[in-house]
Amino acid sequence: MLIKKPADIPYSEVTDRKLYVNRRDFIRAAAGVAAAGAGVVSISETLFAAGQPAPHGRKLDGVKKSPLSLAPEQEKTNTWDQITSYNNYYEFGTDKDSPSLVANKLKTEPWSVQVEGECAKRGNYSLDDILKGVALEERIYRHRCVEAWSMVIPWVGFPLSELIKKAEPTAKAKFVEFTTLVDYGTMPGVRQPVLRWPYVEGLRLDEAMHPLAIMAVGLYGEVLPKQNGAPLRLVVPWKYGFKGAKSIVRIRFTERQPMNSWQESAPQEYGFYSNVNPNVDHPRWTQASERRIGEFFKRKTLMFNGYADQVQGLYAGLDLKRNY
Amino acid sequence: MTTQNVLRFVVKPAVCAAALGPLAWLTWAGLTGNLSVNPLSDLTNETGLWALRFLAISLAITPLRRVTGWNWVIRFRRMLGLYAFFYGVLHFLVYTIADRFAGLDFPDGMASWTTARNLAASVGEDIYKRPFITIGFTALMLMLPLAITSTAGWIRRLGGKRWNALHRLAYVSGIAAVVHYYWLVKADVRSPLLYAAVMAVLLGARVYWARMKAASVARSAPAVPRRA
Ligand code: HEM
């Protein structure tokens with residue numbers, strides 16, 4: 001205690017005996033305890049709201065199988081509840097359960113995407129335009145979060161390359177930048193300056209053209225739940241999850257490397273590439289292993305999240321320790 | 001019943017039981033699937049948060065007493081501090097099992113000396129390597145001597161003066177715990193900053209009162225300096 005000189009403190013104070021307490025003090029004490037109890041109850045109530053799975057949505061028709069998908073017997077897919085109640089989607093709040101609790105207010109119809117920059121077919125395209133003529137495929141992919149947890153997710157989508165080809169990028173286009181919606185009405189998280197809004201992500205054009213990179217519009221054969229990035233999100237399975245921009249409203253082709261939101265917020269922790277790499281640790285935790293949601297023992301993280309055979313050619317000659 | 005007895009036999013056990021509420025709730029929610037789909041992470045975070053909350057509450061007792069004049073609140077200080085340590089130990093155990101043990105290889109089977117050695121090495125290495133773990137561990141280790149000397153016997157043995165001096169380590173632990181929290185969050189620093197502000201007020205009040213006291217002592221001191 002700095003308040004009294006220690007020598008002044010009578011022995012009785014630290015042994016907590018012999019304290020004179022009157023009736024009124026006792027009543028106040030009881031009130032204090034009751035208030036503390038109420039606090040515990042209210043905290044429990046907020047915790048109880050945790051993780052609301054998405055209600056089941058419309059079935060998507062004519063979804064094809066893909067040879068690029070994991071076979072269900074290869075790795076067990078995570079459940080609908082797991083995939084839709086544990087999300088990082090900071091526009092809806094930074095708790096894992098915030099998106100599942102508030103994203104239902106988001107309006108995903110009508111939806112349009114602004115296509116801009118170094119391409120011939122600039123313009124504002126409705127989601128219907130974008131989906132016209134594309135064949136939806138199921139792609140069961142590993143999903144590795146930069147926070148060292150992972151899931152196996154049965155996305156439904158189409159190759160990003162198809163969309164890019166339609167936009168006809170010019171010879172100058174070297175990168176693609178994706179921008180997420182900012183809507184103050186339905187996204188409580190964007191009122192907090194946790195990241196700079198809108199959320200921006202980017203890929204090199206050759207990465208974006210890779211057959212594994214998809215635009216997802218569905219999950220488990222149904223329309224994509226809002227907490228997972230409806231109506232249109234990027235999925236790049238060999239990169240950390242945050243590269244997969246959600247609820248995309250703008251796609252821009254650029255000559256220069258885009259600045260993605262996480263890199264801007266902490267450049268020494270999150271790079272532009274953010275390829276899953278067990279040999280390059282996050283400054284604050286290891287990336288060598290991961291917890292698969294639903295499992296107790298950790299798994300070893302695989303180079304490029306297990307997609308090394310397909311994608312390592314993209315990075316020939318690149319120092320992956322420097323270009324994390 | 002006298003007020004004394006009501007405090008001792010009713011209020012104190014009630015506070016004691018309420019302080020076990022978070023543990024009871026976590027156990028129940030964990031067993032019935034009422035945590036998130038990553039329950040091990042929830043258990044780590046919740047036990048850490050409750051350790052920090054109890055630490056802050058126990059550090060709030062003295063200022064509360066001073067401001068309100070409710071002398072009887074001091075009776076709860078030691079117990080609340082012990083709960084901070086209790087949740088801190090749980091936090092460390094959950095981490096050791098869910099973060100370290102779950103990441104081991106088991107070349108000689110799970111129940112073996114190799115496993116024990118590897119677990120100790122894994123915890124030690126992590127404390128050494130990751131600054132936020134180092135400081136969290138520091139916060140817990142600072143509470144250890146306080147927990148040990150929390151008994152009436154130790155108070156008697158040390159004497160009020162030395163006991164109080166030793167227990168000022170709680171301030172350092174509080175600062176270390178807040179730094180631990182601040183360092184571990186990814187981007188949303190609002191909650192760590194809130195706890196930092198609470199800690200700053202609780203410790204700042206002590207500095208302020210100490211200054212006031214020193215000033216008033218100086219004013220009333222005789223003109224000729226006394227020999228120490
Ligand atoms: C042995 C020492 C400790 C270790 C190894 C440790 C480790 C950890 C770990 C691994 C996390 C989770 C980080 C994450 O999920 O990214 C965590 C969170 C936390 N710890 Fe500790 N910790 C220790 C001591 C303490 C102490 C003594 C306190 C408080 C008095 C504390 C308070 C917290 C808090 C408040 C959180 C964050 C909860 C949240 O994010 O909601 N920790 N700790």
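Every value quoted in this text rests on a predicted model; they were computed, and no experiment measured them.

Caption draft 1: Structural context of the overall build of chain A. Looking only at helices and strands, chain A features nine helices and 12 strands. Within chain A, buried positions represent 54% of all 324 residues. A total of about 14700 Å² of accessible surface is found on chain A, and carbon and sulfur atoms cover 54% of it.

Caption draft 2: Summary view of the nonpolar core. Residue and element names in this part refer to chain A. Counting residues in each nonpolar core, the largest one holds 85 residues, and the members touching the most others are Phe158, Leu160, Phe178, Met215, Trp238, Ile251 and Phe253. If one sorts the elements of this core by residue count, strand 4 (residues 149–159) sits on top with seven residues. Beyond its immediate stretch of four places on either side in the chain, tryptophan 238 contacts Glu207, His210, Leu212, Ala213, Asn275, Val276, Phe304, Asn305, Tyr307, Val311, Leu314 and Tyr315.

Caption draft 3: Here's a closer look at helix 9 (residues 190–220) of chain B. Residues and elements named next belong to chain B. Between its first and last C-alpha atoms helix 9 spans 45 Å; for 31 residues at 1.5 Å apiece the expected length is 45 Å, and the two agree. Listed as buried for helix 9 are Pro192, Tyr195, Met199, Leu202, Leu203, Ala205, Arg206 and Trp209. Looking at the packing, one finds that the buried side of helix 9 touches helix 3 (39–68) and helix 8 (169–184).

Caption draft 4: Geometry of the site of the ligand. All names here are of chain B. The immediate surroundings of the ligand are formed by 20 residues, with Gly48, His91, Phe92, Gly136 and His180 found nearest. Contacts to the ligand include histidine 91, whose side-chain N or O atom sits 2.7 Å from a nitrogen atom. Taking histidine 180, its side chain carries an N or O atom lying 2.8 Å from a nitrogen atom of the ligand. Listed by contribution, the elements that provide at least two residues to the shell around the ligand are helix 3, helix 4 (77–100), helix 6 (131–148) and helix 8. The dominant element in the shell around the ligand, judged by the number of residues it contributes, is helix 6, at seven residues.

Caption draft 5: Examining the sheet that holds strand 10 (residues 248–254) of chain A more closely. Residue and element names in this part refer to chain A. With respect to topology, five strands assemble into an open sheet ordered 2-1-10-5-6, the strand pairing being mixed. Strand pairing shows two members of the sheet lacking a second neighbour, strand 2 (123–126) and strand 6 (200–204), which therefore form its edges. With direction set aside, neighbouring strand axes in the sheet form an average angle of 20 degrees. Of the strand pairs in this sheet, strand 5 (residues 175–180) and strand 6 are connected by five bridges, and their pairing is antiparallel. Bridged to threonine 179 within strand 6 is valine 200.

Caption draft 6: Region of the structure containing the environment of lysine 64 of chain A. All names here are of chain A. Topologically, lysine 64 is positioned in the loop between helix 2 (23–48) and helix 3 (80–85). On the basis of relative accessibility, which here comes to 47%, the residue lysine 64 falls in the partly exposed class. Dropping the residues within four chain positions of it, lysine 64 is found in contact with Ala135, Leu136, Glu137 and Glu138.

Caption draft 7: Quick peek at the packing of aromatic side chains. All names here are of chain A. If you walk through the whole model with that rule in mind, you get 26 aromatic pairs over all chains. Ring geometry for tyrosine 90 and tryptophan 262: centres 5.7 Å apart, planes at 70 degrees, overall edge-to-face. Note that tyrosine 90 is positioned in the loop between helix 3 and helix 4 (98–102) and tryptophan 262 in helix 8 (residues 261–265), a separation of 172 residues in sequence. Taken as a pair, tyrosine 90 and tryptophan 262 share a single burial class, namely buried. Taken together, the ring pairs in this structure connect Phe175, Phe272, Tyr273, Phe304 and Tyr315 into an aromatic cluster. When the ring centre of phenylalanine 272 is taken as origin, the NZ or CZ atom of lysine 243, which lies over that ring, is 4.6 Å away.

Caption draft 8: Region of the structure containing the environment of methionine 79 of chain B. Residue and element names in this part refer to chain B. As for its position among the elements, methionine 79 is in helix 4. Here the alpha-carbon distance between methionine 79 and valine 15, two residues 64 residues apart in the chain, equals 9.1 Å. The contacts of methionine 79, once residues within four sequence positions are left out, are Lys12, Val15 and Cys16.

Caption draft 9: Examining helix 7 (residues 152–166) of chain B more closely. Residue and element names in this part refer to chain B. Across its 15 residues, helix 7 extends only 15 Å between first and last C-alpha, which sits more than 12% below the 21 Å expected from 1.5 Å per residue. Of all the bends in helix 7, the largest measures some 105 degrees and sits at glycine 159. Regarding helix 7, the residues found buried are Ile155, Leu158, Gly160, Trp163 and Asn164.

Caption draft 10: Highlighting the pattern of salt bridges. Residue and element names in this part refer to chain A. Overall, the coordinates contain 27 salt bridges over all chains when judged by the stated rule. Across the pair lysine 65 and glutamate 138 runs a salt bridge, and its minimum N-O distance is 3.6 Å. Here lysine 65 is found in the loop between helix 2 and helix 3, whereas its partner glutamate 138 is found in strand 3 (residues 137–144), with 73 residues between them in sequence. Since its relative accessible area comes to 72%, lysine 65 is described here as exposed. Classification of glutamate 138 as buried rests on a relative accessible area of 18%.

Caption draft 11: Here's a closer look at the coordination of the iron atom of the ligand. Residues and elements named next belong to chain B. Of the protein atoms, only His91 (NE2) and His180 (NE2) coordinate the iron atom of the ligand, at distances of 1.9 to 2.0 Å. Coordination at the iron atom of the ligand is octahedral: its six donor atoms span angles of 84 to 178 degrees at the metal. With histidine 91 in helix 4 and histidine 180 in helix 8, the pair connects residues that are 89 residues apart, well separated along the chain.

Caption draft 12: Spotlight on the side chain of arginine 206 of chain B. Its location among the elements puts arginine 206 of chain B in helix 9. A polar atom in the side chain of arginine 206 of chain B sits 3.1 Å from the side chain of tyrosine 171 of chain B.

Caption draft 13: The arrangement of the packing of helix 3 of chain B against helix 8 of chain B in detail. Residue and element names in this part refer to chain B. Where helix 3 contacts helix 8, the axes come no closer than 10 Å and their chain directions differ by 145 degrees. Crossing geometry of helix 3 relative to helix 8 is assigned as left-handed. Taking contact as the criterion, the partners of Leu49, Leu52, Leu55 and Leu59 in helix 3 are, on helix 8, Ala170, Tyr171, Ser173, Gly174, Ala177, Val178 and Tyr181. Residue classes in the contact of helix 3 with helix 8 are distributed as nine nonpolar, two polar and no charged.

Caption draft 14: Structural detail: a nonpolar patch on the surface. Nonpolar side chains collect at one region of the surface, where Phe296 and Phe297 of chain A together with Ile97 and Met110 of chain B lie side by side and expose about 330 Å² of accessible area between them. By relative accessible area, which is 31% here, phenylalanine 297 of chain A ends up partly exposed.

Caption draft 15: Broad picture of the pairing of strand 7 (residues 214–219) of chain A. Residue and element names in this part refer to chain A. In terms of burial, strand 7 is largely enclosed, as six of its six residues are buried. Relative to strand 7, strand 4 is paired through five bridges, and the arrangement is antiparallel. By the bridge assignment, phenylalanine 158 is partnered in strand 7 with methionine 215. Two strands pair when backbone bridges link them, and strand 7 and strand 9 (residues 233–235) are joined in this way by three bridges, in the antiparallel orientation. Directly across from methionine 215, in strand 9, lies its bridge partner leucine 234. Pairing of strand 7 with strand 8 (residues 222–223) involves two bridges; the strand directions are antiparallel. By the bridge assignment for strand 8, glycine 218 is matched with valine 223. In this antiparallel pair of consecutive strands, strand 7 and strand 8, the connection spans two residues, and tyrosine 220 shows a positive phi of 50 degrees.

What counts and what doesn't
Per chain, residues are indexed from 1 in the order of the written sequence. Whichever chain is written first is A, and whichever ligand is written first is 1; the rest continue in order. Since the coordinates come from a predicted model, pLDDT governs what is reported: local features require at least 70, and pairs of side-chain atoms require 80 or more to be given and counted, while whole-chain, interface and lining totals use all residues. Only hydrogens and water are set aside; all other atoms, that is, all heavy atoms of the structure, feed into the side-chain values. What counts as a helix is a DSSP run of H or I of at least four residues, what counts as a strand is a run of E of at least two, and both are numbered from the N terminus. Each residue is placed in one exposure class: buried if its accessible area under a 1.4 Å probe, protein chains only, is under 20% of its type's maximum, exposed if it is over 50%, and partly exposed if it falls in between. Calculation of accessible area relied on Shrake-Rupley with a 1.4 Å probe; when residues are assessed, cover is drawn exclusively from the protein chains displayed. Here the nonpolar core consists of buried residues drawn from Ala, Val, Leu, Ile, Met, Phe, Trp, Tyr and Cys, with membership extended through side-chain atoms lying within 4.5 Å. When checking whether two residues touch, look at their non-hydrogen atoms; a contact exists if any pair is within 4.5 Å. An expected span of 1.5 Å times one less than the residue number is assigned to each helix. If a single non-hydrogen atom of a residue is within 4 Å of a molecule or strand, that residue counts as near it. Polar contacts, as counted here, are pairs of nitrogen or oxygen atoms within 3.5 Å of one another; within protein the pair requires one atom able to donate a hydrogen and one able to accept it, and residues that are adjacent in sequence qualify only if both atoms are side-chain atoms. Pairing between strands is defined by DSSP: at least two bridges between them are needed. An axis is simply a line fitted to the C-alpha atoms; with a helix, the fit covers only the stretch in contact. Between two such axes, the angle follows the N-to-C directions and lies from 0 to 180 degrees. Any two rings among Phe, Tyr and Trp, with Trp reduced to its six-membered ring, count as a pair given centres within 6.5 Å; such a pair is stacked if its planes are under 30 degrees apart, edge-to-face if over 60, and tilted if neither. Each ring is checked for a lysine NZ or an arginine CZ that lies within 6 Å of its centre and within 35 degrees of its normal; such an atom marks a charge sitting over the ring. At any given residue, the bend is defined as the angle formed between two axes, one fitted to the seven residues that end at that position and one fitted to the seven that begin there. What counts as a salt bridge is simple: a side-chain nitrogen of Lys or Arg found within 4 Å of a carboxyl oxygen of Asp or Glu. Here the term donor refers to an N, O or S atom within 2.8 Å of the metal (or 3.2 Å for Na, K and Ca), and because water is left out of the atoms, sites may appear incomplete. Under this scheme a four-donor centre is tetrahedral when all angles range from 85 to 135 degrees, a four-donor centre is square planar and a six-donor centre octahedral when opposite donors are above 155 degrees with the rest from 65 to 115, and any other centre is irregular. Here is the rule for handedness: rotate from the far helix to the near one, and if that takes an anticlockwise turn smaller than a right angle the crossing is left-handed, while a clockwise turn gives right-handed. Ten residues, namely Ala, Val, Leu, Ile, Met, Phe, Trp, Tyr, Cys and Pro, are considered nonpolar, four, namely Asp, Glu, Lys and Arg, are considered charged, and the remaining ones, Gly among them, are considered polar. Patch criteria: residues need more than 30% relative accessible area and no salt bridge. Like-charged residues are merged within 9 Å; nonpolar side chains of Val, Leu, Ile, Met, Phe, Trp and Tyr are merged within 5 Å.

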